[in-house]
Amino acid sequence: MVLKFTDLPSLYVHDYDTVIDVRSPAEYAEDHLPGAINLPVLDDQERARVGTIYVQQSPFLARKLGAALVFRNAANHIEHSLSHHEGGWKPMVYCWRGGQRSGSFTWMLQQIGWRAEVVEGGYRTYRRLVSQHLYQDPLRHRLVALDGYTGTAKTELLAHLKTRGVQVLDLEGLANHRGSLLGEMPGGQPSQKAFESALAVALCRCDTARPVVVEAESSKIGGLILPPSVWAALRSAPRIQINASADARAAYLVTTYNDILSDADRLQNCLSPLRSHRGHEVVDGWLELIDAGDKHALTRALMEQHYDPAYAKSSRVRTSKVLARIDACALDEAGLNSTAARIERVLDQL
């Protein structure tokens, strides 16, 4: 039996015990089905070797070598990674296009007695469904944008709202980036495909009958692009504006960005390219504050000379409705909890 999926929601609610990606580690690292484990039947070097023989010598020799490698690797997985499974185990297996790699591995599992099945079209089918969901189908969710100057703790507010039962979509969390010039996070960003996979999962888990709160973003988060349907919905989404004093914002940013504020070389490398945009005098002033180790003064300068002007410029072209303007009295835990409660009351009226 071959598994056929025609839309993402039906794929996400499958009833299989384990999803197994038998592609090479490099293919798996770029993107994979949600929750899939990687049991490659050809590693990266073996896959390259078989492909080279296929092109330079003959398809027959490539298939012969490939079969030997696939069954050898599959046997190792069965003996070690899968040895603990009982007879009723039910895995779902896929490769790049649902061909020989997944077919061979699934056949072995079936011969043992496990209820293994292959995804028709493999990863290509999954990727096509993700692309359709994010690039072709209109977004059916009711987004509400959480807006405000840099440093108004919008990301933390999303977390507080989530604990209160509000539906949220944390785009920066999915992108592993804080969405600003100094927004790099440890571990780097996922691939564009992996980001879109995580985004599609998050959207499919949301109830379209209820609003979804999302932080207002540009069309790119770090090096990742928001798919058109999400970007269009975010641009037109009604907004809740969060306001906070400059002192509170600066103190919050010093704490939140302490990792990069403590790395002088990295800071200088990030800020120096802004000379053509903000001018040599302004950037030289930032570098002097870096050398002095004055994190708070640097943060205030970046707010006043870079982040705030950029935000004000983008705000002038926004036409979406403002549902509420909320003044955050403080950006500590108690203050954020109070602000989240006020946001929730606004949402309850929608």
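Since the model is a prediction, treat every value here as computed from it, not as a measurement.

A. Region of the structure containing the overall build of the protein chain. Looking only at helices and strands, the protein chain has 17 helices and 12 strands in total. Principal-axis analysis of the C-alpha atoms gives the protein chain an extent of 65 × 50 × 35 Å. Of the contacts formed within the protein chain by residues at least 6 apart in sequence, a portion of 72% connects residues at least 24 apart. Carbon together with sulfur atoms contributes 51% to the accessible area of the protein chain, which is approximately 17300 Å² in total.

B. Here's a closer look at helix H4 (residues 59-79). The end-to-end C-alpha distance of H4 is 30 Å, a good match for the 30 Å that 21 residues give at a rise of 1.5 Å each. Every buried residue of H4 is accounted for by Ala62, Leu65, Gly66, Leu69, Val70, Asn73, Ala74, His77 and Ile78.

C. Structural context of the environment of Leu61. Within the secondary structure, Leu61 sits in helix H4. Separated by 11 residues in the primary sequence, Leu61 and Val50 place their C-alpha atoms 8.6 Å from one another.

D. Layout of the nonpolar core. Counting 42 residues, the largest nonpolar core has Leu182, Ile240 and Ile343 as its most contacted members. Core analysis: the next-biggest nonpolar cluster, separate from the first, contains 39 residues, Tyr28, Leu171, Ala202 and Leu234 among them.

E. Region of interest: the state of the cysteines. Going through the model one piece at a time under the given rule, you end up with 0 disulfides. Of the cysteine sulfurs around Cys206, a residue in no disulfide, the closest is that of Cys204, at 9.1 Å. What makes Cys206 buried here is its relative accessible area of 14%.

F. Structural view of the side chain of Arg101. Relative to the helices and strands, Arg101 is located in helix H5 (residues 100-112). Side chain to side chain, Arg101 and Glu27 meet in a polar contact 3.0 Å long. Apart from residues lying up to four places away in sequence, Arg101 is in contact with Val22, Arg23, Ser24, Glu27, Val41, Leu42, Arg47, Cys95 and Trp96.

G. The arrangement of the packing of aromatic side chains in detail. On inspection of all chains with the given rule, the structure shows 5 aromatic pairs. Between Phe71 and Trp107 the ring centres are 6.4 Å apart and the planes differ by 90°, which places this aromatic pair in the edge-to-face class. Of this pair, Phe71 sits in helix H4 while Trp107 sits in helix H5, and the two are 36 residues apart along the sequence. Judged by centre distance (5.0 Å) and plane angle (90°), the rings of Trp89 and Trp114 are edge-to-face.

H. A look at the sheet that holds strand E8 (residues 211-215). Read across the sheet, 5 strands follow the order E7-E8-E6-E11-E12 without closing on themselves; strand pairing throughout is parallel. Two strands close off the open sheet at either side, each with one partner strand: strand E7 (168-169) and strand E12 (322-327). In terms of strand pairing, strand E6 (residues 142-148) meets strand E11 (residues 239-243) through 4 bridges, oriented parallel. Bridge assignment links Asp147 to a residue of E11, and that residue is Gln241. Its contacts with the sheet put helix H17 (residues 333-348) on E6, E8, E11 and E12, and the angle it makes with E12 is roughly 160°.

Rules used throughout
Residues numbered from 1 in each chain as written. Predicted model: local features only at pLDDT ≥ 70, side-chain atom pairs only at ≥ 80, totals over all residues. Heavy atoms only, no water. Helix = DSSP H or I, 4+ residues; strand = E, 2+ residues; numbered from the N terminus. Contact = heavy atoms within 4.5 Å. Areas by Shrake-Rupley, 256 points an atom, 1.4 Å probe, with all protein chains shown as cover. Expected span 1.5 Å × (residues − 1). Buried < 20%, exposed > 50% of the residue type's maximum accessible area, 1.4 Å probe, protein only. Core = buried A, V, L, I, M, F, W, Y, C linked by side-chain atoms within 4.5 Å. Disulfide = S-S within 2.5 Å. Polar contact = N/O pair within 3.5 Å; in protein donor to acceptor, adjacent residues only side chain to side chain. Phe/Tyr/Trp six-rings, centres within 6.5 Å; stacked < 30°, edge-to-face > 60°. Pairing = 2+ DSSP bridges. Axes fitted to C-alpha atoms, helices over the stretch in contact; angles between N-to-C directions.

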